[in-house]
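# Close look at the chain arrangement
Listed below, chain by chain, are the residues.
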Amino acid sequence: MQRNSPSVRSALRDPKILTKEVLAGLVVALALIPEAISFSILAGVDPRLGLFSSFIMAVTTAVIGGRPAMISAATGAVAIIIAPVARDHGLDFFLATVVLAGIFQILLAALGVAKLMRFIPRSVMIGFVNALAIIIFLAQMPYLIGVSIPAYALVAIGLVVMVVMPKLTSVIPAPLIAIVIVSAIVIFWGLNVQTVGDEGELPQSLPELLIPNVALNMTTFSIIAPYALAMALVGLLESLMTAKLVDEITDTKSAKTRESFAQGIGNVISGIFGGMGGCAMIGQTMINVKGSGARTRISTFTAGVLLLFLVVVLGDLVATIPMAALVAVMIMVSVGTFNWHSVRPSTLKQMPKTETFVMVTTVVVVIVTHNLAIGVIVGIVLEMVMFARRVAHFAETTRTVGEQDGVGAVLYTVKGELFFASSNDLTTQFEYTDDPENVVIDFSEAHIWDPSTVAALDSILDKYHRLGKSVEVKGMNDYSSGLYGRLAGRLGSE
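In what follows, the accompanying structure is described.

Scoring rules and cut-offs
Residues numbered from 1 in each chain as written. Predicted model: local features only at pLDDT ≥ 70, side-chain atom pairs only at ≥ 80, totals over all residues. Heavy atoms only, no water. Helix = DSSP H or I, 4+ residues; strand = E, 2+ residues; numbered from the N terminus. Buried < 20%, exposed > 50% of the residue type's maximum accessible area, 1.4 Å probe, protein only. Areas by Shrake-Rupley, 256 points an atom, 1.4 Å probe, with all protein chains shown as cover. Lys, Arg positive; Asp, Glu negative; His and termini not counted. Charge placed at Lys NZ, Arg CZ, Asp CG, Glu CD. Phe/Tyr/Trp six-rings, centres within 6.5 Å; stacked < 30°, edge-to-face > 60°. Patch = residues over 30% accessible without salt bridge, like charges linked within 9 Å, V, L, I, M, F, W, Y side chains within 5 Å. Salt bridge = Lys/Arg side-chain N within 4 Å of Asp/Glu carboxyl O. Polar contact = N/O pair within 3.5 Å; in protein donor to acceptor, adjacent residues only side chain to side chain. Core = buried A, V, L, I, M, F, W, Y, C linked by side-chain atoms within 4.5 Å. Contact = heavy atoms within 4.5 Å. Expected span 1.5 Å × (residues − 1). Axes fitted to C-alpha atoms, helices over the stretch in contact; angles between N-to-C directions. Parallel < 35°, antiparallel > 145°, perpendicular 65-115°, else oblique. Left-handed = near helix turned anticlockwise from the far one by under 90°. Nonpolar A, V, L, I, M, F, W, Y, C, P; charged D, E, K, R; others polar. Pairing = 2+ DSSP bridges. Right-handed = clockwise from strand over helix to strand, strands pointing away.

Counting its secondary structure elements, the chain contains 19 helices and six strands. A buried classification covers 53% of the 494 residues belonging to the chain. Element-wise, carbon and sulfur atoms account for 64% of the exposed surface of the chain, whose accessible area totals about 22700 Å². Charged side chains in the chain number 32 positive and 35 negative. The centres of these two groups are separated by 9 Å.

By convention here, two paired aromatic rings are described through the distance between centres and the angle between planes. Scanning the model with the defined rule gives eight aromatic pairs in all. Taken together, the aromatic side chains of Tyr412, Phe430, Tyr432 and Tyr464 make up a single cluster linked through ring pairs.

Attention now moves to a nonpolar patch on the surface. A contiguous nonpolar surface patch, about 350 Å² in accessible area, is contributed by Val160, Val163, Val164 and Leu168. By the secondary structure assignment, Val160 is in helix α7 (residues 149-168).

Here we come to the pattern of salt bridges. Across all of its chains, the model carries six salt bridges by this definition. For the salt bridge of Arg48 with Asp46, the shortest nitrogen-to-oxygen distance reads 3.2 Å. Owing to a relative accessible area of 40%, Arg48 belongs among the partly exposed residues under this scheme. Judged by relative accessible area, Asp46 falls into the partly exposed class, the value being 33%. Here Lys256 and Asp247 are joined by a salt bridge, their closest N and O atoms 2.6 Å apart. Since its relative accessible area comes to 17%, Lys256 is described here as buried. In this structure Asp247 comes out as buried when scored by relative accessible area, which is 11%. Overlapping salt bridges, with partners in common, bring together Arg67, Asp247 and Lys256 in one network.

Phi angles above zero are rare outside glycine, and Ala69 is one such case at about 80°. The topology assignment puts Ala69 in the loop between α3 (47-64) and β1 (72-73). Despite not being glycine, Asp251 has its phi angle at roughly 55°, a positive value. Inspection of the secondary structure assignment puts Asp251 in the loop between α9 (218-250) and α10 (256-272).

A separate point is the environment of Asp198. Inspection of the secondary structure assignment puts Asp198 in the loop between α8 (174-189) and α9. Since its relative accessible area comes to 52%, Asp198 is described here as exposed. Here Thr195 takes part through its backbone nitrogen, which lies 2.9 Å from a polar atom of the side chain of Asp198.

Attention shifts here to the nonpolar core. Note that soluble globular proteins tend to have their nonpolar side chains buried in a common cluster. Of all hydrophobic cores here, the largest spans 110 residues; its most connected members are Ile33, Leu51, Phe94, Met241, Met276, Ile287 and Leu307. By residue number, the principal contributor to this core is helix α2 (residues 15-43), which donates 12 residues. Residues in contact with Met241, not counting those within four places in the same chain, are Met117, Ile120, Met125, Phe128 and Val376. Core analysis: the next-biggest nonpolar cluster, separate from the first, contains 22 residues, Tyr412, Val439, Ile448 and Leu483 among them.

The terminal C-alpha atoms of helix α6 (residues 122-138), which comprises 17 residues, lie 24 Å apart, in line with the 24 Å expected from a rise of 1.5 Å per residue. For α6, the buried fraction is high: 12 of the 17 residues fall into the buried class. Of the residues making up α6, those classed as buried are Ser123, Val124, Met125, Ile126, Gly127, Phe128, Val129, Asn130, Ala131, Leu132, Ala133 and Ile136. On its buried face, α6 sits against α9, α11 (282-291), α14 (323-337), α16 (353-369) and α17 (372-391).

Let's shift gears to the packing of helix α5 (residues 91-110) against α9. The contact between α5 and α9 brings their axes to 7 Å, and the two run at 55°. The angle between α5 and α9 places the two elements in the oblique class. Handedness of the α5/α9 crossing: right-handed. For the contact of α5 with α9, a count of residues per class yields 18 nonpolar, four polar and no charged.

Counting buried residues in α11 gives eight out of 10 residues, a clear majority hidden from the surface. Taken together, the buried positions of α11 are Ile282, Gly283, Gln284, Thr285, Met286, Ile287, Asn288 and Val289. Immediately downstream of α11, the backbone of Gly293 shows phi near 75°, a positive value.

The buried count for strand β5 (residues 438-448) comes to nine of 11 residues, which makes it a mostly enclosed element. Pairing analysis gives nine bridges linking strand β4 (residues 407-418) to β5, with the strands arranged parallel. By the bridge assignment for β5, Leu411 is matched with Val440. Between β5 and its parallel partner strand β6 (residues 470-474), the chain crosses via helix α18 (residues 451-466), and the hand of that crossover is right-handed.

Following both chains from N to C, one finds α2 and α8 inclined at 55°, their axes separated by 9 Å at the closest point. Taken as axis vectors, α2 and α8 run oblique relative to one another. The hand of the α2/α8 crossing is left-handed. Note on element contacts: α8 touches α2 through Pro175, Leu176 and Ile179, opposite Leu23, Leu26, Val27 and Leu30. Split by residue class, the contact of α2 with α8 holds seven nonpolar, no polar and no charged.

Right under this line is the structure:
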């Protein structure tokens, strides 16, 4: 049974809920700043593009998105895909790619691509979540390797605060308390540790309308379309997977087609205002939903607005926040995101080996490629292969020898669902040369789903006819009979 999350209207009327949502947005905004800067550098563009994009994506999806409390912003997956455009063709082509990716996402949303989410198997979903947790943790390694002892101590203090504080109070999100305490320690003691300001220069002005200066012709389209389509697909996949995860955590349902439209619109607006685009950020979403307990659009909207306010108005103050505080937050997010139940010995013992194999493969591919979308696609394809192998033997044929009108006859009773995987074995289940003159094939307990089965049946009949034997096919249901009637004899022979 699904829960009813508080609406924006009810949250605005309840000071306790409103406070939680606003503070959750503040935590996310603080955590977004260094990541947006890092992803901008990864894409080979000015840090302002990542920060402005994070603001635009968060506010846009907060207003028109289909998954309340989910955080969308500039992401590493998008940065990796479109980085070659900035490097090889310049900023204008880069921004045009972002706009075109948004248009592609709007078209994909109109085509109902979000409905395909129901076909992502559980093993792939768990692999996606576990891989994400590992990637989040590994992303903190540059701030944990080769740093000073005070930096380690600050991370440890932040972790302790986030473990203890939820047991004392839930009014203020534990990650925010940890950031404040660790920052205060650094300022009071004058510790020399890495800060947010060391990650890159913060902008000092608001985003401005910046229409890409590119020729609107097929040459431009041929350059940017492959990158834009890849960005659109990866962005939608990560966003819809994140939305599905939030659905499970909150026991609520999201409007995934609406979210797909929102992602596209957000990227179009981002591109024309000088942003690098983005998609849902599962790490920040986990901070918001699990770490801070946010449930409404208010937290997402607040995260976007406060992000812009912090970097433009309070940039000098934000620059002094120690990275150790944010690293501690992300480590806690990593631990909380990982599905520990999936790797318990008791679970692994009970789970089918194929399911575990798909999960582990998804995790490994994601970690090796540093791309969640590639890992998910590989996991889905692998699960399809495993499923095809399992159902390949679902079709069962029973042979009964007897007489028909005083003449030797054989009855084959076919049972099961017949499609491209299971029907491949169908042709091998008949005793062509040993069967008597009359052959009856009964499909009353079977269902023909596709042309592959029709072709297999054509092959069976052809083999009997070449041996001069009579074959009667009976018992097909309406769908099977209609499909067979349309395609029989028109698919070619072996």
